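# Residue-level structure breakdown
So you can see what is in the structure, the chains are spelled out below.
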Amino acid sequence: MWQKKEQGGSSSTLSSDINEKETPKMGKEPEHVALEGDDGSWTEALKGIRDKGHGGYMIVSWNIRGLNKVAKQKEISSRLFKLQPNIAILLETRVKKEKAEKWRQKIGGNWQVCDNYRNHANGRIWILWQGSKVNIQTVSMTDQMIHCGLYGRDGKFVQWLTAMYAANQLERRKELWKDIERLGSNQQGPWIMLGDFNNVLGFHERIGRNEVKEAEFSDLREMMVATGLFEVDCIDDKFTWYNKHAEGAIYSCIDRVIGNLAWIQSNKDKTVHILEPGISDHAMLCIKGNEQVVRKKTSFKFINAVIEAEGYRTEVEKNWKRKIHGNNSQMMWNKLKRL
């Protein structure tokens, strides 16, 4: 059966459940539940992602735009069954708290779960995870996000994880960005944030509507700079939302994955896939490790995000000025290797 991770309190503002400096205790593994609703219809692309081995963990995030219809429940169940993610984030469920357990049973699967019903009547965010593979401990939440720690089955900390479902109103999103800044000022280690930000990040991220104004994304960018967060590159179509209109079509990029430098550097084998929206108008985001193979020597790859890191230029100049012996070619080569 499903196991619900109970959270105390009733505040709609940012609230904390555990001290970030502590290592939470492991949760109990859920009992097995047979999967329901697998209609057998999914794409080869999805199958290909699942079959690429087990290079680390897989996380998916999907704004499903309501879970109260049987057809949606069946497709969600089918996708989760075929992808077999370690963690699944479902957004905008539109399910009342008293009916949540019923609809979770219909999805099926061997899941543990946390949600933010204490902050919003519709439980806008569900985080599901396979307790036999990973463990999640909630740190804090609001009606727009759930922030938690991800741990291995051995109890070792892996990373911070923030599931996002930002409000439609710009002023409400500003509140969310401030909450994120407060989180970032009190923690260290790899951190990734994903979900529906309801916010573009540049002029080029919307097609078919009024031109994007800088005021629409400036606050989000400022938050990312303040917290040292960078957008993670993705594969496939960058536009994650489509109004599905034959006339007056609108495309935009409002679902995204962002992470800090520590996460980017420690997850070079991870790729963000943008999967088909299916029954929703939002694409599914899928973070997956590449197939584990015997590593060969490869060319040097520079992560552009590091140039924006605090102290980057000072550190480079300091390293470059350190004395090294040899001819010009040798000195150049050894300085580059040392960097």
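That block above? That's the structure.
What counts, and where the lines are drawn
Residues numbered from 1 in each chain as written. Predicted model: local features only at pLDDT ≥ 70, side-chain atom pairs only at ≥ 80, totals over all residues. Heavy atoms only, no water. Helix = DSSP H or I, 4+ residues; strand = E, 2+ residues; numbered from the N terminus. Buried < 20%, exposed > 50% of the residue type's maximum accessible area, 1.4 Å probe, protein only. Contact = heavy atoms within 4.5 Å. Areas by Shrake-Rupley, 256 points an atom, 1.4 Å probe, with all protein chains shown as cover. Pairing = 2+ DSSP bridges. Core = buried A, V, L, I, M, F, W, Y, C linked by side-chain atoms within 4.5 Å. Phe/Tyr/Trp six-rings, centres within 6.5 Å; stacked < 30°, edge-to-face > 60°. Lys NZ or Arg CZ within 6 Å of the ring centre and 35° of its normal. Salt bridge = Lys/Arg side-chain N within 4 Å of Asp/Glu carboxyl O. Expected span 1.5 Å × (residues − 1). Arc of directions from axis to C-beta. Axes fitted to C-alpha atoms, helices over the stretch in contact; angles between N-to-C directions. Parallel < 35°, antiparallel > 145°, perpendicular 65-115°, else oblique.

## Observations regarding the overall build of the protein
- On a plain count of helices and strands, the protein comes out with 8 helices and 18 strands.
- Residues classed as buried in the protein amount to 48% of the 339 residues present.
- Excluding contacts between residues fewer than 6 apart, the proportion of contacts in the protein whose partners are at least 24 apart in sequence is 69%.
- When the accessible surface of the protein is totalled, it reaches about 18,000 Å², and 50% of it is carbon and sulfur.

## Remarks on the environment of Ile 250
- Secondary-structure assignment places Ile 250 in the loop between strand 14 (241–242) and strand 15 (251–252).
- The sequence separation of Ile 250 and Phe 239 amounts to 11 residues, and the corresponding C-alpha distance is 9.9 Å.
- Ignoring sequence-local partners within four residues, the contact set of Ile 250 consists of Arg 206, Ile 207, Gly 208, Arg 209, Trp 241, Tyr 242 and Asn 243.

## Thoughts on the pairing of strand 17 (residues 270–275)
- The buried fraction of strand 17 amounts to 6 of the 6 residues, a majority that puts the element mostly inside the structure.
- By the alternation rule, side chains of strand 17 split into Lys 270, Val 272 and Ile 274 and Thr 271, His 273 and Leu 275, which are all buried.
- Here strand 13 (residues 234–235) pairs with strand 17 via 2 bridges, running parallel. Note on strand 17: the bridge partner recorded for Cys 234 is Val 272.

## Quick word on the nonpolar core
- The biggest cluster of nonpolar side chains holds 31 residues, and the ones touching the most others in it are Ile 87, Ile 89 and Ile 127.
- Beyond its immediate stretch of four places on either side in the chain, Ile 89 contacts Ile 59, Val 60, Ser 61, Trp 62, Ile 125, Trp 126, Ile 127, Ala 163 and Leu 194.
- Counting 22 residues, the second largest nonpolar core, distinct from the first, contains Trp 62, Leu 83, Trp 111 and Cys 286.

## Digging into the packing of aromatic side chains
- Counted according to the given criterion, the structure contains 6 aromatic pairs.
- Measuring from centroid to centroid gives 4.9 Å for Phe 157 and Trp 160, while their planes differ by 55°, and the two rings are tilted.
- Judged by its relative accessible area of 33%, Phe 157 falls in the partly exposed class.
- On the accessibility criterion, Trp 160 (4% relative accessible area) is buried.
- Each ring, one from Phe 239 and one from Tyr 251, has its centre 6.4 Å from the other, and the planes form 65°; the classification is edge-to-face. Taken together, the residues span a long stretch of sequence, with Phe 239 in the loop between strand 13 and strand 14 and Tyr 251 in strand 15 at a distance of 12 residues.
- Of the residues examined, Phe 239 reaches a relative accessible area of 24% and is grouped as partly exposed.
- Through pairs of rings, three or more aromatic residues link up here, namely Tyr 151, Phe 157 and Trp 160.
- The residue whose ring lies beneath Lys 106 is Trp 103, and the NZ or CZ to ring-centre distance is 5.9 Å.
- Against the face of Tyr 57 rests Lys 270, its NZ or CZ located 4.6 Å from the ring centre.

## Focus on the pattern of salt bridges
- According to the stated counting rule, one finds 16 salt bridges in the structure shown.
- The salt bridge involving Lys 238 is made with Glu 231; its shortest N-O contact spans 3.7 Å.
- Shared partners join several salt bridges into a network, and the residues in it are Arg 65, Glu 92, Arg 94 and Asp 281.

## Focus on helix 4 (residues 170–184)
- Compared with the 21 Å implied by 1.5 Å per residue over 15 residues, the 21 Å span of helix 4 between its first and last C-alpha is a close match.
- Of all the positions in helix 4, only Arg 173, Leu 176, Trp 177, Asp 179, Ile 180 and Leu 183 are classed as buried. Projected onto a plane normal to the axis of helix 4, the buried residues spread over an arc of 160° and lie on a single side.

## What to know about the sheet that holds strand 11 (residues 206–207)
- A sheet is described by the order of its strands in space; here 3 strands give the open sequence 11-15-14, paired in antiparallel fashion. Strands at the two margins of the open sheet, each flanked by one partner only, are strand 11 and strand 14.

## Concerning the packing of helix 2 (residues 70–83) against helix 3 (residues 97–107)
- Put simply, helix 2 and helix 3 touch, their axes get as near as 8 Å, and they point 55° apart. One element, helix 2, and the other, helix 3, form an angle in the oblique class. On helix 3, the residues that touch Gln 73, Ile 76, Ser 77 and Leu 80 of helix 2 are Trp 103, Lys 106 and Ile 107.

Everything listed here is a matter of geometry and, on its own, says nothing about what the molecule does.
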